[in-house]
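Given next are the chains, with one letter for each unit.
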Amino acid sequence: MVTQPVEKGIERSAEQAKVAAKSTAQAAERTAVAAEITKDSADRRTELAADRTVFAAERTYAAWVRTGLAALASGIGAQKLLEGVVSNWMVSGTGSVLVLFSAFCFAAAVWRQVFVGAPPPRPDVHRIPPVLLVVLNGFLVLVALAALVSLWFGPP
């Protein structure tokens, strides 16, 4: 008689252990799913950050080129604007400095875009091909040098 209540207690404990095991297994599954979602979310945030880095580098490149074009136009315009107002050596000097600064900006734009330092995480977006940047900015440097020659040896 004493063994029957003990057996019922053991059976009840066994059933409770089975229920607890099922609950633990379900909790483990939910935890695994949540961990996978969190990992995917972190990976996606990293990819999006890499995309933003690429876009920021392209904006910086565009700013260097824009500054170079403005300096080039200012250097060429300085000759006409300052002609007759100040001495010729000052006109040539001002134009030369501005045109040389534009050539520097074109070279710096490519340098900053091609040599980015530590490689960022792999972005989803494509970068501008470095060959295209070198060709385009090389042409702009040649234009700046031609403008410089024109400032020095062109008609006064």
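The structure we're discussing is the one just above.
Residues numbered from 1 in each chain as written. Predicted model: local features only at pLDDT ≥ 70, side-chain atom pairs only at ≥ 80, totals over all residues. Heavy atoms only, no water.

### Some points on the packing of aromatic side chains
What counts, and what does not: Centres within 6.5 Å make a pair out of two Phe, Tyr or Trp rings, where for Trp the six-membered ring is used; the pair is then stacked when the planes are under 30 degrees apart, edge-to-face when over 60, and tilted otherwise. Buried, partly exposed and exposed residues are distinguished by accessible area as a fraction of the type maximum, computed with a 1.4 Å probe on protein chains only: under 20%, between the cut-offs, and over 50%, respectively.
A full pass over the atoms with the stated rule returns three aromatic pairs. Residues W152 and F153 carry aromatic rings whose centres are separated by 6.4 Å and whose planes lie at 85 degrees to one another, so their mutual orientation is edge-to-face. On the basis of relative accessibility, which here comes to 46%, the residue W152 falls in the partly exposed class. Note on F153: relative accessible area 68%, which makes it exposed. One aromatic cluster is present, formed by W64, F101 and F104 through successive ring pairs.

### Section: the packing of helix α2 (residues 88-114) against helix α3 (residues 130-153)
Inclusion rule: In this description, a line fitted to the C-alpha atoms serves as the axis of each element, helices being fitted only across the stretch in contact, and the angle between N-to-C directions of two axes falls anywhere from 0 to 180 degrees. Each helix is a run of DSSP H or I of at least 4 residues and each strand a run of E of at least 2, with the numbering of both proceeding from the N terminus. Any angle that falls under 35 degrees is termed roughly parallel, while one over 145 is termed roughly antiparallel, one within 65 to 115 roughly perpendicular, and all others oblique. Note on residue categories: nonpolar means Ala, Val, Leu, Ile, Met, Phe, Trp, Tyr, Cys or Pro, charged means Asp, Glu, Lys or Arg, and polar means any other residue, Gly included.
Viewed as axis vectors pointing N to C, α2 and α3 meet at an angle of 170 degrees, and their least axial separation amounts to 9 Å. Compared by their axis directions, α2 and α3 come out roughly antiparallel. When grouped by side-chain class, the residues that make up the contact of α2 with α3 number 18 nonpolar, six polar and no charged.

### Looking at the environment of I128
Selection criterion: In what follows, a contact means two residues having at least one pair of non-hydrogen atoms within 4.5 Å.
Structurally, I128 can be placed in the loop between α2 and α3. I128 gets classed as partly exposed once you look at its relative accessible area, which sits at 27%. On a C-alpha basis, the gap between I128 and Q113 in space is 8.8 Å, while along the polypeptide they are 15 residues apart. Excluding anything up to four places from it in sequence, I128 contacts E58 and L133.

### Details of a nonpolar patch on the surface
For the record, the criterion: Residues with no salt bridge and a relative accessible area higher than 30% make up the patches, which join like charges within 9 Å and nonpolar side chains (Val, Leu, Ile, Met, Phe, Trp, Tyr) within 5 Å. Accessible surface is estimated by sampling points in the Shrake-Rupley manner with a 1.4 Å probe; for residues, cover comes only from the protein chains shown. The term salt bridge refers to a pairing of a side-chain nitrogen on Lys or Arg with a carboxyl oxygen on Asp or Glu at a separation within 4 Å.
On the surface, a cluster of nonpolar side chains totalling about 370 Å² of accessible area is made up of V149, W152 and F153. Within the element layout of this structure, F153 appears in helix α3.

### Concerning the nonpolar core
Basically, it comes down to this: By nonpolar core we mean a set of buried residues, namely Ala, Val, Leu, Ile, Met, Phe, Trp, Tyr and Cys, connected to one another through side-chain atoms within 4.5 Å.
One finds Y61, V65, L72, V99, F106 and A144 to be the most contacted residues of the largest nonpolar core, which totals 14 residues. Mapped by element, the contributors of at least two residues to this core are α1 (3-82), α2 and α3. A total of six residues in this core trace back to one element, the largest contributor, which is α3.

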